[in-house]
Amino acid sequence: PRSTLFPYTTLFRSLVDRSHRSRCSRSRRRESGKGGIDDSRALRRMVFPRTRSSVCVVTVTIRPMRDDEFGDWLPKARSGYATEMVQNGGVSPDTARAKAAADTKRTFPGGRPSPDQSVFVIEADGAPVGELWLTERRGDLEGDNLWVFNLRVDEVQRGRGYGRAAMLLAEDEARRRGLNRVALNVFGGNRAARSLYRSLGYEENAITMIKTLAPTD
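As a starting point, this report considers the structure included with it. Predicted model only: the values in this text are computed from it and were never measured. (Residues numbered from 1 in each chain as written. Predicted model: local features only at pLDDT ≥ 70, side-chain atom pairs only at ≥ 80, totals over all residues. Heavy atoms only, no water.)

Let's talk about the side chain of Ser118
As a reminder, the rule being used: Here a strand is any run of E in DSSP of at least two residues, a helix any run of H or I of at least four, and the numbering for each starts at the N terminus. For this analysis, a polar contact is any N or O atom pair within 3.5 Å, provided that within protein one partner can donate a hydrogen and the other can accept it, and provided that sequence-adjacent residues contribute only side-chain to side-chain pairs.
With respect to the helices, strands and loops of the structure, Ser118 is situated in strand S3 (residues 117-124). Within the structure, Ser118 has its side chain in polar contact with the side chain of Arg177 (distance 2.8 Å).

What about helix H5 (residues 191-199)?
Under the convention used in this document: We call a residue buried when its accessible area falls under 20% of the maximum for its residue type, exposed when it is over 50%, and partly exposed in between, using a 1.4 Å probe and counting protein chains only. The arc in question is the one traced by the directions running from the helix axis out to the C-beta atoms. Contact criterion: two residues are considered in contact whenever any of their non-hydrogen atoms come within 4.5 Å of each other.
Every buried residue belonging to H5 is among Ala193, Leu196 and Tyr197, and all of these are buried. Buried residues along H5 cover an arc of 95° about the axis, so they all sit on one side. Contacts made by the buried residues of H5 are with strand S5 (145-153), helix H4 (162-176) and strand S6 (182-184). A positive backbone phi angle near 100° is found at Gly201, which sits one or two residues after H5.

A closer look at the environment of Arg63
Within the secondary structure layout, Arg63 lies in strand S2 (residues 55-64). Its relative accessible area of 16% is what places Arg63 among the buried residues. As a C-alpha pair, Arg63 and Leu132 span 69 residues in sequence and 9.4 Å in three-dimensional space. At a separation of 2.8 Å, a polar atom in the side chain of Arg63 contacts the side chain of Glu123.

This is a description of form; function is not addressed.
Dropping the structure here:
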């Protein structure tokens, strides 16, 4: 049976510019007005950047996506999947679009939320900054695991540690479900994502290699 979902919280330090620092100050005032963060419901982690200059503590949460948000998210996720296959997987545009449509139809029949899929909204200080799509896989060769179908952070919000925070929250969700593995697929050309996952301790256990042959005379 599907487990009950609830938001997780993590804290991390992020390099900030003036506008972001101002937003952090406003957010801290909002939190203080609410009596602070409820420790009994929050799971927290501290993620530190490489430099110690200009830091701001931001609260990152994941919460289940609402049905009204799902209708906007699904076509964007399908389009993003196709784009990823073209840019980082070497797939032709037509083939990528067809596969993305078929996979989406199979995973979300009728274009509606599925009880077998868990789609979260990533929020930073209460503002949406991306999405995290998870599902349970039982009986895989590698054992039962929580599978990360997709992690996306808004382009303007990248580089602030939100993706890393979301992946740590995925680990917390896996533990809550009694799973001791988190797994995913990543295209070889997506170097930024592969670097992130390696830094979090993920190991590559299957690599597809392709060589394009020059035409013969």
